Every structure is written in structure tokens, then in C-alpha cells.
Amino acid sequence: MPRPGGAAMTQPDVYDVACLAGGPHRVVDTALVALLVTGRVRAVAPGELQVVEARRRHAVEAAVLDAVGARGRRSVETVHWRAEADERIAGMVPRLRSERLLGRFLGPTAAGRRVLERARAADVGPVLHAALLGPAQLADPALRAAVLEPPRRPVLPDSGVSPWVLSFADGCEAAQRTRDQLLGRSVDARG
């Protein structure tokens, strides 16, 4: 089936399946599962991710690796926020619409449903399973927790702000200074 303008339509891959089945959020979840399964990203704790190897096999995986960052670690929530804004992922919806696989309201068209049916028939492994059904349906509890559970966040007394959230900031030193200031205020307020 040719694309508008004469270019041939690409063969739908696992990330196209994820977008058809659950939108850009599912695309990021699927990429996280792929990166965790291949060992390129690891879960430092549930909901906290760190890049182990930045090898990029696909543009979507590159966007998610960039969202996790080369240094430190990020929460799954931050990865989603950053990756879904990346054009390599955000651009999937218009592309799938132009290929007539996705309708106006993010639902798959008849052709898109056929792609999903073929993927369901071939459902092997956690990556395609996550693309089709979401990470909540993964059989591996550790993999499911790595993608779905929010990070544990200790809350400072009387501050209402978690220093753990601040540690995910891009500037580690600034986050540390802010955390120290909050801890100092919390101690001063109680004393």
C-alpha cells in the first residue's frame, strides 16, 4: 500500500503495534520492556531506571534511552514525560494516520485492526505482549514492577516535598543543595 506522495508504507513493527493498541504511552512502556529484557536499561529499584548500555536499535528505543539519560537514574514517570514529547515517538501518530492504520480519534482503522490481529496471532515474548496488552499483563512480576510501580519516595516531615523527586533532576548538585536546604528547613521548623 503506497503512502500519500508515492512512498511505500513501512512494515508495521512492535512499536507501531503498541501505538495502535494503546497510543504513545504504550509505545514508551513497550520500549522500556524491550530495553529491560535486553539489559540495556536496568531497574535500580521499582520505578527507577538507569541506562546500562546505550546501544540503539530503533528510533523509539533511542528516544527512551535519551529520556532515561546517560548518567544517573530516572523515574518511569519522568521517562514517560520526556519520551512522549520526543518527536521520534510523538511523530508516530501522524505517520500511522497517513498510512491509514490509525483513525482520527486514536482508534485503529480496519487496516490497523488487521495489524493487531496478526500481532496477536504471533504474540511471543514479553515485548510484543506488552505492546498488545500493556505492561500490567506481563507474567514476570519484576519486569512488571520495573515499568509500572512508582518509585519509593520518602517524605520529609512538615515539608510536603520529597527529596527523592528532586534527585531525578538533571542537575544532581542542584538537587542535592535543594534537598539539603529542605532538610535544614524541616529540622529548623520542628526545633
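To start, this report covers the structure provided alongside it. All residue numbers refer to positions counted from 1 along the written sequence of the respective chain. For a predicted model such as this one, the threshold for reporting local features is a pLDDT of at least 70, and the threshold for listing and counting side-chain atom pairs is 80 or more; totals across whole chains, interfaces and linings nevertheless cover every residue. Excluded from the side-chain calculations are hydrogens and water; all other atoms, namely the structure's heavy atoms, are used.

The criterion is simple. A nonpolar core is a set of buried Ala, Val, Leu, Ile, Met, Phe, Trp, Tyr and Cys residues joined through side-chain atoms within 4.5 Å. A 1.4 Å probe rolled over the protein chains alone gives each residue an accessible area, and that area as a share of the maximum for its type sets the label: buried under 20%, exposed over 50%, partly exposed in between. Core analysis: the largest hydrophobic core is formed by 44 residues, its most contacted members being V17, V27, L32, L49, V64, V79 and I89. Helix numbering and strand numbering both begin at the N terminus, where a helix is a DSSP run of H or I of at least 4 residues and a strand a DSSP run of E of at least 2. At the level of secondary structure, the elements contributing two or more residues to this core comprise helix 1 (14-37), strand 2 (48-51), helix 2 (59-68), helix 3 (76-85), helix 5 (92-98), helix 6 (110-121), helix 7 (125-133) and helix 8 (141-148). A total of 13 residues in this core trace back to one element, the largest contributor, which is helix 1. In this description, contact between two residues means that some pair of their heavy atoms is separated by no more than 4.5 Å. Not counting chain neighbours up to four residues away, the residues in contact with V79 comprise V28, L32, L49, V64, A67, V68 and R74.

Before going further, it helps to spend a moment on the packing of helix 1 against helix 3. One can describe the packing of helix 1 onto helix 3 by two numbers: an axis separation of 10 Å at closest approach and a directional angle of 120°. Accordingly, the angle class assigned to the pair helix 1 and helix 3 is oblique. Here the hand of the crossing between helix 1 and helix 3 comes out right-handed. Along the contact surface, helix 1 presents P24, H25, V28, D29 and L32, while helix 3 presents V76, V79, H80, A83 and E84. Note that Gly is not counted as nonpolar here; it falls among the polar residues with everything else outside the nonpolar set of Ala, Val, Leu, Ile, Met, Phe, Trp, Tyr, Cys and Pro and the charged set of Asp, Glu, Lys and Arg. Taken together, the residues of the contact of helix 1 with helix 3 sort by class into six nonpolar, two polar and two charged. Helix axes are fitted to C-alpha atoms over the stretch in contact, other axes to C-alpha atoms as well, and angles between N-to-C directions run from 0 to 180 degrees. Note on angle classes: values under 35 degrees are labelled roughly parallel, values over 145 roughly antiparallel, values of 65 to 115 roughly perpendicular, and the remainder oblique. Crossing handedness: left-handed means the near helix sits turned counterclockwise from the far one by under a right angle, and right-handed means the same turn made clockwise.

Looking now at the sheet that holds strand 2. DSSP-based pairing: two strands are paired if at least 2 bridges between them are found. On the basis of which strands lie adjacent, the open sheet formed by three strands has the order 1-2-3 and antiparallel pairing. Each having just a single partner strand, strand 1 (41-45) and strand 3 (74-75) make up the two edges of the open sheet. Direction of pairing for strand 1 relative to strand 2: antiparallel, over a ladder of four bridges. What sits directly across from R42, in strand 2, is Q50.

Relative to the assigned elements, R56 resides in the loop between strand 2 and helix 2. The partly exposed category is assigned to R56, whose relative accessible area is 41%. Along the backbone, R56 and R40 are 16 residues apart, and their C-alpha atoms lie at a distance of 9.1 Å. The residues touching R56, leaving out its near neighbours within four places in the chain, are R40, A62, L65, D66 and R88. Two N or O atoms count as a polar contact when they lie within 3.5 Å, although within protein this holds only if one can serve as hydrogen donor and the other as acceptor, and sequence-adjacent residues are included solely when both atoms are side-chain atoms. There is a polar contact of 3.1 Å between the side chain of R56 and the backbone oxygen of A62.

Keep in mind that these numbers describe shape and distance, not what the molecule does.
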